[in-house]
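Observations on chain architecture
Here is how the chains run, residue by residue.
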Amino acid sequence: MKHPGGETLALLAGGELGFLDRWFQRRHVSGCESCQREIEAFSDLRSAASELSELPEVGWGRLAAEMRANIRLGLAAGQCVRKEPASHEPRFLPAPRSLVACASLAALLVMALWIQRPLPGRRQAAQQNGIVLEATGNGIGLQEGGQRLILMHPGAKEVTYSVGAQGSMRARYVDAESGYVMINNVYVQ
Amino acid sequence: MSSKILSLILAGVAALCAQDTPLDPHSSVKINLPADSPVSLISANMGESRASARGGAMLLDLHMELTLRNSGPRNIRGVTLLVLAQEVTPGGRASATQTSLDVSPGAVFPMHISVRLLRPLQVAGGPLVEVSLDGVLFDNLYFYGPNRLESRRSLTAWELEAQRDRQHLKSVLAAYGPEGLKRSMLDSLNRQAERPRLDVIVSRGGRSTTSAAGAERTAQFAFLKFPDAPVEALAGSAQIAGSEARAPRVQIRNRSAKPVRYVELGWIVRDRQGREFMAASLPASNPELLLAPGQSDHLLQDSTLKFSRNGAEAIAVDGMTGFISQVEYADGKVWVPNRTSLESAQLLRVLAPSPEEQRLTDLYRKKGLSALMEELKKF
């Protein structure tokens, strides 16, 4: 069984997936404990990141600069107080623990910013399109979030489509077998 | 980009894995006819009806054939069934109407339901689809049914149009004989073939696109006046931007002696080449409308319509014409334009034929003139 990628699960956890993507992924996740755990982890992380972003005076750029300065200061102070090593060769790498801490913090920051980033393409498409009905020569279709689904295609040759400005559509045709006129209506809501 | 590719791959996998199963007529579909219904169910055939899982939704592809019996005392002219998979889901509700019928008491008749519906995949048990009666119209215009879909008004209007068009053809036959009737049929078939058609997208609320449609302007309606119309359109406008029209608003006045509860306006758009297209009907938005004699009100809809042809060619709206196409009085009686009004306003070349005219021309095309003449003698 193939699992969705981390990006997709993160989008699903944040409610950012499109209409059909959401169906596909929910269908998989509902039967996959592993992905459910990942989604929970993303959700927890997202909640934590949201709380962080609500702090009034946190500027991520300033915080990162301060952290770099503190790390440099700590390294410099460490150089001052530690005993001279036997060798006088310069050390280019910081202490492993500092390196791990920095990497973890950086990863946390990147993940938080990535999860909280705006998705203009998806959101604007959803807002602009909403749920719409369309009547074309191919039938009556329903669109949501850029996805399209044909709801009515009677298969008759001479179909007359009519549109109600309140959000309904009608297909009318003569049934080939019975000779009666069939009229089908679909509604936006 | 990678998420799009991933979505496409997942969509493909989902499509391959989608379970596509035929519907069980006993457990999947429930057919509700009231105990005192004037139509009774003889049989239900699910045909090629199937259900398939599409992500988190279920797509129901219905191709049902019901056999119904007229249990009422008079001939049936029309029946509307409500087909419901999910009340609140977009695409979860549809209706199927059969009109231009002449089913005598005790006779059986088929009714096809061919429509696709959506419903959530994970919904508690019960049938997938419920089919219920919304209304039956008899030849004396008596209506029976819960009328949730306002099928009383629709069925009555179609029946009045049928009577109008049958009467017109009978008059032609009486005045000009079979050759005259044949010419009328050929004229109608030509009009149907040449009638300009639009692809229309309807969305509720604001504009569906932004800068691509261009600057928005207010365009005024021109109105066609019918002498016998109980309601007149006084003034109206809509916001136009390129091929989009939104927020139509039309002032109307009841000039009849009876209160009116429903008004519908036919909306024609004209492009820059002067071609006219039937765009939509503009119904009254207020379900509580009650227009006393002499009183004025507005027809308005908070919706956006986008027009194109042949799938891609955008139609730039240059002008708009409106005409009163249907009125329902408070007592349930319905008015539709007469044939003379439609002909004199040259609306026949733009409007779709009535259901009855569509049926009669289909009969003429398939079975010939003598079959049509026999049909016109029936009622």
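Keep in mind it's a predicted model, so treat the numbers as computed, not measured.

Turning our eyes to something else, we now look at the overall build of chain B. A tally of regular secondary structure across chain B gives five helices and 21 strands. Taking 21 Å as the expected radius of gyration for a compact globule of 379 residues, we find that chain B reaches 23 Å, a close match to that expectation. Principal-axis analysis of the C-alpha atoms places the extent of chain B at approximately 60 × 60 × 45 Å. Across the 379 residues in chain B, those meeting the buried criterion constitute 41%. Counting only contacts in chain B whose residues sit at least 6 apart along the sequence, the fraction spanning at least 24 positions is 69%.

Helix and strand content of chain A: six helices and six strands. Mapped from its N terminus to its C terminus, chain A presents α and β elements in the order α-α-α-α-α-α-β-β-β-β-β-β. Taken over 189 residues, chain A has a buried fraction of 25%. Taking as baseline every contact in chain A between residues at least 6 positions apart, the subset at least 24 positions apart corresponds to 45%.

What follows deals with helix α4 (residues 355–367) of chain B. With 13 residues, α4(B) extends 18 Å between its outermost C-alpha atoms, agreeing within 8% with the 18 Å of an ideal straight helix rising 1.5 Å per residue. Those residues of α4(B) that fall on the buried side of the exposure criterion are P355(B), E356(B), E357(B), Q358(B), R359(B), L360(B), T361(B) and Y364(B). Close packing links the buried residues of α4(B) with β4 (160–164), β5 (168–174) and β6 (181–187) of chain A together with β7 (93–99), α2 (151–194) and α5 (369–378) of chain B. Just past α4(B), the residue G368(B) takes up positive phi, approximately 95°.

Further remarks concern α2(B). For α2(B), built from 44 residues, the straight-helix expectation of 64 Å at 1.5 Å per residue is missed by more than 12%, its first-to-last C-alpha distance being only 30 Å. Of all bends in α2(B), the biggest is about 135°, found at Y176(B), and the proline P178(B) comes one to four residues later.

Residue and element names in this part refer to chain B. When pLDDT is averaged along chain B, the result is 88, and 91% of the positions lie at 70 or above. Mean pLDDT per element in chain B: helix α1 (residues 2–17) is the minimum at 48, and strand β21 (residues 334–335) is the maximum at 98. pLDDT under 50 marks residues 7–18. Its contacts with residues more than four places away, or in other chains, come to nine contacts. Scoring of the predicted complex yields 0.72 for pTM and 0.85 for ipTM.

Once that is clear, we can look at the nonpolar core. Residue and element names in this part refer to chain B. With 106 residues, the main nonpolar core has V83, V129, V200, V263 and A279 as its most contacted residues. Element by element, the count of residues in this core is highest for strand β5 (residues 57–70), at eight residues. What V129 contacts, discounting residues up to four positions off in sequence, is S28, V29, L60, L62, V83, L84, A85 and L117.

Let us look at the pairing of strand β9 (residues 129–138) of chain B. Residue and element names in this part refer to chain B. Extensive coverage of β9 is indicated by the burial of eight of its ten residues. Where strand β2 (residues 29–32) meets β9, four bridges bridge the pair, whose relative direction is parallel. Bridge pairing in β9 places V29 opposite V129. As paired elements, strand β6 (residues 76–84) and β9 share eight bridges and run antiparallel to each other. Along β9, the bridge assignment pairs L84 with E130.

Definitions and cut-offs
Residues numbered from 1 in each chain as written. Chains lettered and ligands numbered in written order. Predicted model: local features only at pLDDT ≥ 70, side-chain atom pairs only at ≥ 80, totals over all residues. Helix = DSSP H or I, 4+ residues; strand = E, 2+ residues; numbered from the N terminus. Rg over C-alpha atoms; globule rule 2.2 N^0.38 Å. Buried ≥ 20, exposed ≤ 12 C-beta atoms within 10 Å, placed from the backbone. Contact = placed C-beta atoms within 7 Å. Expected span 1.5 Å × (residues − 1). Bend = angle between axes of the 7 residues up to and from the residue. pLDDT = per-residue confidence, 0-100. Core = buried A, V, L, I, M, F, W, Y, C linked by C-beta atoms within 7 Å. Pairing = 2+ DSSP bridges.

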